[in-house]
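The residues making up each chain are set out below.
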Amino acid sequence: MKIVIPGGTGQVGAILDRALTAADHDVVVLTRSPRRDREIRWDGETLGPWADAIDGSDLVINLAGRSVSCRYTPANLQAMMDSRVNSTRVVGEAIAAAARAPRVWLQMSTATIYAHRFDAGNDEATGVIGGAEPGVPRYWAYSVEIAKAWERAQEQAETPSTRKVALRAAMVMSPDRGGVFDYLLWLARLGLGGPVGGGAQYVSWIHDRDFVRAVEFLAERDDLTGPVNLAAPGPLPQRAFMRALRAAWGVPVGLPATKWMAEIGALAIRSDTELLLKSRRVVPGRLLDAGFSFDHTQWPEAATDLVQRARVRRT
């Protein structure tokens, strides 16, 4: 297949590019700063020569959007919104204008669209969309609005010949340097990987190889459209999540952090506490119903695999 990945130079894009290229697909990456063969310049906002790559392609996987690893200032939140909505809109315009439109458009979204909750898992059918939860910071609602606008931009695109799927992805765990797993493992190795704010908040995750397999599955299944949760079936409280990660590396103790300590830490690394404190209890209802089989369903086993691979990369 010819596969085009707008915004494919980040961690998730690198995972997909590496796996899909190894599977002998023809992968083209759209990026603001092309540096390699198979990378084409685009601005993520306006149509240009880059659209020729989409014309005649088989699959588009749009990952474009400003990183969420930043302080959630009004300016950064607006940049997150604009980069996601504008890039999705212009990808839709390119598909609509194509003489031979791609068969499938997989559009990145986020599990953050669901409510902060502890009582039950959010699947696509019965999950609660967030934004109105009591007792959480008011700006968390804007993250949900970003997710909703992101999906709406794909829904509104006039692409009748192209099947559209929104990927409500949890954190993709891979041993690559600079990714979320690398950061969490760094905390655990320092002895700082204990409960944050009590640790009852749920962590949803997906192993990188299951993420790739799910993308391939959704590309092939002609009967699946709309939002699909990309998350392992076993979300777990943050305290248990970090305990399993520490055990996988062999760290006996993880110091706990209060909410105000987490705020200081997030400020120091120019990130935001929503990433640590929001309870994301997400389950993959549609994938399981469609017959997808996860290789990594439970975090302790997945963490062991990822740690082993991380150790190999460090030798």
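In what follows, the structure referred to is the one given above.
Just so it is clear, the model here is predicted, and its values are computed rather than measured.

**Regarding the nonpolar core**
Counting 34 residues, the largest nonpolar core has Leu16, Ile61, Leu106, Phe211, Leu218, Leu230 and Leu287 as its most contacted members. By residue number, the principal contributor to this core is helix H6 (residues 208-220), which donates 7 residues. With residues up to four places along the chain from it excluded, the contact list for Phe211 reads Val12, Leu16, Met108, Ala169, Val172, Ile206 and Leu230. Grouped together as the second largest cluster of nonpolar side chains are 22 residues, Leu184, Phe241, Ala244 and Ala303 included.

**Topic: the pairing of strand S5 (residues 104-108)**
The element S5 is largely enclosed, with a buried count of 5 among its 5 residues. By the alternation rule, side chains of S5 split into Val104, Leu106 and Met108 and Trp105 and Gln107, which are all buried. Examined bridge by bridge, strand S4 (residues 59-62) and S5 share 4 bridges and lie parallel to one another. For Val60, the partnering residue across the bridge sits in S5 and is Trp105. The parallel pair S4 and S5, bridged by helix H3 (residues 74-97), forms a crossover whose chirality is right-handed. Relative to strand S6 (residues 163-169), S5 runs parallel, the two being bridged by 5 bridges. Looking at S6, one finds that Leu106 is bridged to Val165. Taken together, S5, helix H4 (residues 140-156) and S6 constitute a β-α-β crossover, and its handedness is right-handed.

**A look at the packing of helix H7 (residues 238-249) against helix H11 (residues 299-314)**
Between H7 and H11, the shortest axis-to-axis distance is 9 Å and the interhelical angle comes to 45°. Relative to H11, H7 is oriented oblique. Note that H7 runs across H11; the crossing there is right-handed. Where H7 approaches H11, its residues Phe241, Ala244, Leu245, Ala248 and Trp249 are matched on the opposing element by Trp299, Pro300, Ala303, Thr304, Val307, Arg311 and Arg314.

Reading the values: rules and limits
- Residues numbered from 1 in each chain as written.
- Predicted model: local features only at pLDDT ≥ 70, side-chain atom pairs only at ≥ 80, totals over all residues.
- Heavy atoms only, no water.
- Core = buried A, V, L, I, M, F, W, Y, C linked by side-chain atoms within 4.5 Å.
- Buried < 20%, exposed > 50% of the residue type's maximum accessible area, 1.4 Å probe, protein only.
- Helix = DSSP H or I, 4+ residues; strand = E, 2+ residues; numbered from the N terminus.
- Contact = heavy atoms within 4.5 Å.
- Pairing = 2+ DSSP bridges.
- Right-handed = clockwise from strand over helix to strand, strands pointing away.
- Axes fitted to C-alpha atoms, helices over the stretch in contact; angles between N-to-C directions.
- Parallel < 35°, antiparallel > 145°, perpendicular 65-115°, else oblique.
- Left-handed = near helix turned anticlockwise from the far one by under 90°.

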